Amino acid sequence: MKDSSPSAIYLKDYTVPDFLIDKTELTFELEEANVLVTSRLHMRRNALSSDKVASLVLDGGDEMKLIGVAIDNVSLSADEYQITNQSLEIFSAPNEFVLTCETLVEPQNNTRLEGLYRSSSMFCTQCEAEGFRHITYYLDRPDVMSVFTTTIIGDEEKYPVMLSNGNEVERGKTEDGKTVVTWHDPFKKPAYLFALVAGNLAVQDDVFKTKSGRVVTLRIFTEHHNLEKVDYAMGALKRSMKWDEDVYGREYDLDIFMVVAVDDFNMGAMENKGLNIFNSSCLLASPETTTDDAYLRIEAIVAHEYFHNWSGNRVTCRDWFQLSLKEGFTVFRDQTFSSDMHSETVKRVEDVSFLRTAQFAEDAGPMAHPVRPESFIEISNFYTLTVYEKGSEIVRMIYTLLGEQAFRKGSDLYFDRHDGQAVTCDDFVAAMEDASGVDLSQFKRWYSQAGTPELLFESKYSVTDKTLKLVVKQTTPPTPGQESKLPLHIPIKLGLISKDGNELESTYSGETAQEHVLHLKSEEATFEFSGVDSEPVPSILRGFSAPVKYEYAYSTEELLLLMSSDSDGFNRWNAAQQLAVRELKSLIHQIKNGEPLADQSDLVKGFKSLLLNEELDPAMVALILELPSQAYLSELEKEIDPHAIHSALTHLTKVIANALKEEFSATYMNNVESTVYEPNAIQIAKRALKNIALHYWVESDDVTALESLNEQFSNSDNMTDQYAALSIAVEAGVEKADVMLATFYDQWLHESLVVNKWLTLSASQENVDGLKRVEELMSHPAFDIKNPNKVRAVLGGMGRSVQVFHKEDGSGYRYLADQIIYLNKRNPQLASRICTPLTRWKKYKSSLGDLMKLELERIQKEDLSKDVYEVITKSLN
Ligand code: ARG
Ligand code: ZN
């Protein structure tokens, strides 16, 4: 343990900066061993600051070497300033001045991947949230916005490409023959949006003509061998630019937009102004190496980063507590974009499924926090599913409450009112209220209250009055630091279905329609519908109109009815999920009590009619056939027994597979595609259906199924089908799985991103001695502990294997803890993220939970980075 524990900072302590930086001039002299950074900051005191102290405190990490500091070109002597491990204090600063700082940094020793670092042979940066302070001393906070000019000096041979934000304005040579390039970004921005890239890169160019007729140059940079994999991202970028014009009226503002792929990156991608930097796994694509899922993910992330140009860059965050202002809104924008590009229902099902599995678990765990947190120790720990996904749900609810047109007026007002400013979530809501006249004051509790609300519905139909009364109660469970909760304003979209499967009209608050949006505001409310012709089955929370858990005592018949007849696609899927969850829960119960397992399933009937009905959208059928995941079932359990959940899933899969063997085999055959691969919605849907059918078919132990599996694995022309075959082999535990894995590695050993998929699958194999395999993978030549994608591939894969990770002797937990300790100082962000599975220890049955806790306590004894310290301490509280 450290002598002084890291301390928290609080939203309530926010004050405006004492100084502002109008202009930032940076020079980078690139050398192999180090980079000399010279900054000239044009600073002045902030008239709005109430603090009249003389000193100027700049942020800066202690791994930089300060070479010199000067005010108005006069060097400061050692007694005029002081450096600590996180700041530079200049004791006396004038009202207006130019501060010059020279720092020396060592990018090749930067394993944290924040600030300026090297990935392969290139230089690159990651400055959000607080990375810029590792490059030079600065006021590294988002409400200090400045105009940046960046000069890069480097050896032309090693670094023919040298990029920064904005436009290239000058290019020349130094006396000793080095290339000098100057970039200028005319838009004021916080330092977290700064970027620099230098290296020997290949580029693909394109153009986009904006709605006002300006021609924007688009350039995607990669290492030379990856250049043939950027076409898809380029197309996605152009679609995003067009969509933001059409749907939000937002036009791109610079003459050039650049994207760079790097291999070593902590997150997915980063929206630096005019120079987005991507994890190569989120950008590069080709049919042979990329699955359908990855294609969709690439398109969504390209869109997400592009959309940040307005929701994030032109209008940014005042402080990091407001992170969801840009992230929640931008996720909502990218989700809507993907939904417009493909299928609305499929996209919604995928997003909700992810939210309910992962965000709900976060909101029920020790790291639960409001969408706008009130405090943090390390901001990097708050790039969470809550800030991103639940934040997006909040924006979606505002959209539902306002309607399309008023929402658009609200977003126009927001962008217009706050262009060039650093603002808060309150400012966003105020714009929405002002443009629409809708009162969102109670609604704003969604930003400040953590935890997933729970709704309980009961209904009563009167045949004589033809009325339906719907009683709804809401509660939100306590979360760390928030014992009691206030009622939220929850939009409930609802329809009524007759017993013979038709949509019923009803009158609610003077309006007659097939669908209504109810506003639940109190702890309990009764909603009354009149003119309901027959006793209905309510279709509740259509499209998942609020991020809540809810209960209604549906009978099995009612769920089957919703599954086949609800006009809301999301609720059709959800009804099937609820049926499956019920059966799995009772299987889990039987397993825990040593009872014989049911070998019948009501799902069989529903699945059979889905498989036989050729009118249905194959994408929907594929989604419905997919059983709830191990992770989702864990989230639903009061006390998690991972082995019982796993056995229940395996059992139900077999029951369904055996009952519908013929249907699955026919569905597989009918969906084998012969046309050339394209990642379009129709083909993706057919492949999804074909592959889930293959999975069940293989689980039925039919010999022909194994032949088809082999055939698909060996002869597919695309990664989606090949990888699906391999995953099915691994998951079903077929005899040849190991041979197939080895074949797959040999085939793809030169494709690093495909090797990552191999690492994941290999590590996820169910086998009581699987830890040995994981250890082998971590010392395999294809593994690299410095590459976050590889670390996540192996440890993420291991986490999926119940028999390896949750082995009763605790060896899986111990192994993960060892990796956390190893990465703690080398890459704190990564180390902190991989803690997540252990932090949920309280929810596990005690024989496992206690072992997890022991590992957390062992980690706690180390000299911890802020990142890991925060997560471990909060988990043990
Ligand atoms: N703003 C980026 C995005 O969501 C995420 C970058 C976060 N990076 C980090 N190291 N915390 O698009
Ligand atoms: Zn983002």
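Keep in mind that this is a model prediction, so the values were computed, not measured. (Residues numbered from 1 in each chain as written. Chains lettered and ligands numbered in written order. Predicted model: local features only at pLDDT ≥ 70, side-chain atom pairs only at ≥ 80, totals over all residues.)

## Remarks on the overall build of the protein chain
Thought 1: In terms of regular secondary structure, the protein chain is built from 28 helices and 34 strands.
Thought 2: Relative to the globule expectation of 29 Å for 877 residues, the C-alpha radius of gyration of the protein chain, 28 Å, shows essentially globular dimensions.
Thought 3: Here the contacts in the protein chain between residues at least 6 apart in sequence split such that 70% fall between residues at least 24 apart. (Helix = DSSP H or I, 4+ residues; strand = E, 2+ residues; numbered from the N terminus. Rg over C-alpha atoms; globule rule 2.2 N^0.38 Å. Contact = placed C-beta atoms within 7 Å.)

## A look at the UniProt feature "domain: Peptidase M1 alanyl aminopeptidase C-terminal" (unreviewed entry) in the protein chain
Thought 1: UniProt tags residues 557-877 as "domain: Peptidase M1 alanyl aminopeptidase C-terminal" (unreviewed entry).
Thought 2: What you have in residues 557-877 is 74% helix and 0% strand, and the ends, taken at the C-alpha atoms, are 45 Å apart. (UniProt positions renumbered as here; feature names shortened; annotations may be inferred.)

## Remarks on the site of ligand 1
Thought 1: Surrounding ligand 1, one finds 14 residues, the nearest of these being Glu128, Met267, Met270, Ser380 and Tyr383.
Thought 2: Among the residues making up the shell around ligand 1, the classes are represented as five nonpolar, five polar and four charged. (Near = placed C-beta within 6 Å. Nonpolar A, V, L, I, M, F, W, Y, C, P; charged D, E, K, R; others polar.)

## Some points on the sheet that holds strand 8 (residues 87-90)
Each strand in a sheet pairs with another by means of backbone hydrogen bonds, the pair being arranged parallel or else antiparallel.
Thought 1: The three strands lie next to each other as 4-8-7, forming an open sheet whose pairing is antiparallel. Both outer strands of the open sheet, strand 4 (56-59) and strand 7 (81-83), are each paired with one neighbouring strand and no more. Averaged over all pairs of adjacent strands, the angle between strand axes in this sheet comes to 15°, irrespective of strand direction.
Thought 2: For strand 7 and strand 8, the ladder comprises three bridges, and the chain directions are antiparallel. Within strand 8, the position partnered with Ile83 by the bridge is Leu88. (Pairing = 2+ DSSP bridges. Axes fitted to C-alpha atoms, helices over the stretch in contact; angles between N-to-C directions.)

## Focus on helix 12 (residues 618-625)
Three or four residues apart is the spacing at which side chains of an α-helix point the same way, because the helix has 3.6 residues per turn.
Thought 1: Counting buried residues in helix 12 gives eight out of eight residues, a clear majority hidden from the surface.
Thought 2: Within helix 12, the full set of buried residues consists of Pro618, Ala619, Met620, Val621, Ala622, Leu623, Ile624 and Leu625.
Thought 3: Looking at the buried side of helix 12, the elements it contacts are helix 4 (344-363), helix 10 (569-592), helix 11 (602-612) and helix 16 (681-699). (Buried ≥ 20, exposed ≤ 12 C-beta atoms within 10 Å, placed from the backbone.)

## With respect to unusual backbone geometry
Thought 1: Across the junction of Glu128 and Ala129, the peptide omega takes the value -5°, indicating a cis bond.
Thought 2: You can see Ala129 is positioned in the loop between strand 11 (122-126) and strand 12 (146-154).
Thought 3: Look at Asn73: it is not a glycine, yet its phi comes out positive at around 70°.
Thought 4: By the element assignment, Asn73 lies in the loop between strand 5 (65-71) and strand 6 (74-75).
Thought 5: What makes Asn73 exposed here is the crowd of 9 C-beta atoms within 10 Å.
Thought 6: Its identity as a non-glycine residue notwithstanding, Leu113 has a phi of 60°, on the positive side.

## As for the UniProt feature "domain: Peptidase M1 membrane alanine aminopeptidase" (unreviewed entry) in the protein chain
Thought 1: Feature annotation in UniProt places "domain: Peptidase M1 membrane alanine aminopeptidase" (unreviewed entry) on residues 232-446, given in this structure's numbering.
Thought 2: From the first C-alpha to the last, residues 232-446 spans 37 Å; its make-up is 55% helix and 9% strand.

## What about the nonpolar core?
Thought 1: Ranked by internal contacts, the top residues of the largest apolar core, which has 255 residues, are Val197, Ala233, Val260, Ile277 and Ile298.
Thought 2: Apart from residues lying up to four places away in sequence, Val260 is in contact with Cys124, Val197, Phe221, Leu275, Ile277 and Phe278. (Core = buried A, V, L, I, M, F, W, Y, C linked by C-beta atoms within 7 Å.)

## Describing the sheet that holds strand 2 (residues 19-30)
Thought 1: Pairing within the open sheet is mixed, and its eight strands lie in the order 6-5-9-3-2-12-15-14. The outermost strands of the open sheet, each flanked by one partner alone, are strand 6 and strand 14 (167-173).
Thought 2: As defined by bridge partners, strand 2 adjoins strand 12 across seven bridges and the pair is classed as parallel. Bridge pairing links Thr24 to Phe148 in strand 12.

## Let's talk about the confidence of the model for the protein chain
Thought 1: Residues with a pLDDT of 70 or more make up 100% of the protein chain, whose mean pLDDT is 97.
Thought 2: ipTM for the predicted complex: 0.98, alongside a pTM of 0.99. (pLDDT = per-residue confidence, 0-100.)

## Side note on the environment of Ile834
Thought 1: Looking at where Ile834 falls in the secondary structure, it is placed in helix 25 (residues 828-834).
Thought 2: Put simply, Ile834 and Ala693 are 141 residues apart on the chain and 33 Å apart in space, counted from C-alpha to C-alpha.

## Quick notes on the pairing of strand 4
Thought 1: What you see with strand 4 is a clean split: Leu56 and Leu58 sit on the buried side and Val57 and Asp59 on the side with no burial.
Thought 2: Here four bridges tie strand 4 to strand 8, and the two strands are oriented antiparallel to one another. From the neighbouring strand, Leu58 faces strand 8, where its bridge partner is Leu88.

## Quick notes on the packing of helix 24 (residues 811-826) against helix 27 (residues 846-860)
Thought 1: In contact at an axis separation of 9 Å, helix 24 and helix 27 are set at 20° when each is read in the N-to-C sense. On the basis of the axis angle, helix 24 is roughly parallel to helix 27. The element helix 24 and its partner helix 27 pack so that their crossing is right-handed. Seen from helix 24, the contacting residues are Tyr813, Arg814, Ala817, Ile820 and Ile821; seen from helix 27, they are Leu851, Met852, Glu855, Arg858 and Ile859.
Thought 2: A class-by-class count of the residues in the contact of helix 24 with helix 27 yields seven nonpolar, no polar and three charged. (Parallel < 35°, antiparallel > 145°, perpendicular 65-115°, else oblique. Left-handed = near helix turned anticlockwise from the far one by under 90°.)

## Points about helix 7 (residues 425-436)
Thought 1: Taking 1.5 Å per residue, twelve residues should reach 16 Å; helix 7 reaches 17 Å between its end C-alpha atoms and fits that length.
Thought 2: Looking at the buried residues of helix 7, the elements they touch are helix 3 (323-341), helix 5 (385-402), helix 6 (404-418) and helix 8 (445-448).
Thought 3: A positive phi of about 75° marks Gly437, the residue just after helix 7. (Expected span 1.5 Å × (residues − 1).)

## Overview of the environment of Gln108
Thought 1: Positionally, Gln108 belongs in the loop between strand 9 (96-105) and strand 10 (115-119).
Thought 2: Each C-alpha atom, one on Gln108 and one on Ser120, is 9.9 Å from the other, the two residues being twelve residues apart in sequence.

## A look at the packing of helix 17 (residues 703-715) against helix 18 (residues 719-732)
Between two packed helices, the angle of one axis relative to the other and the distance separating the axes together describe the packing.
Thought 1: The interhelical angle for the contact between helix 17 and helix 18, taken along N-to-C directions, is 140°, at an axis separation of 7 Å. Considered as vectors, helix 17 and helix 18 are oriented oblique to each other. Pair helix 17 / helix 18 crosses with left-handed handedness. Together, Leu709, Gln712 and Phe713 of helix 17 and Asp721, Gln722, Ala725, Leu726, Ile728 and Ala729 of helix 18 make up the contact between the two elements.
Thought 2: For the contact of helix 17 with helix 18, the class distribution of residues is six nonpolar, two polar and one charged.

## Some details on the environment of Val215
Thought 1: Checked against the element boundaries, Val215 lands in strand 18 (residues 215-222).
Thought 2: Residues Val215 and Ile152, 63 residues apart in the sequence, show an inter-C-alpha distance of 26 Å.
Thought 3: With sequence-adjacent residues up to four places away left out, Val215 is seen in contact with Val207 and Lys209.

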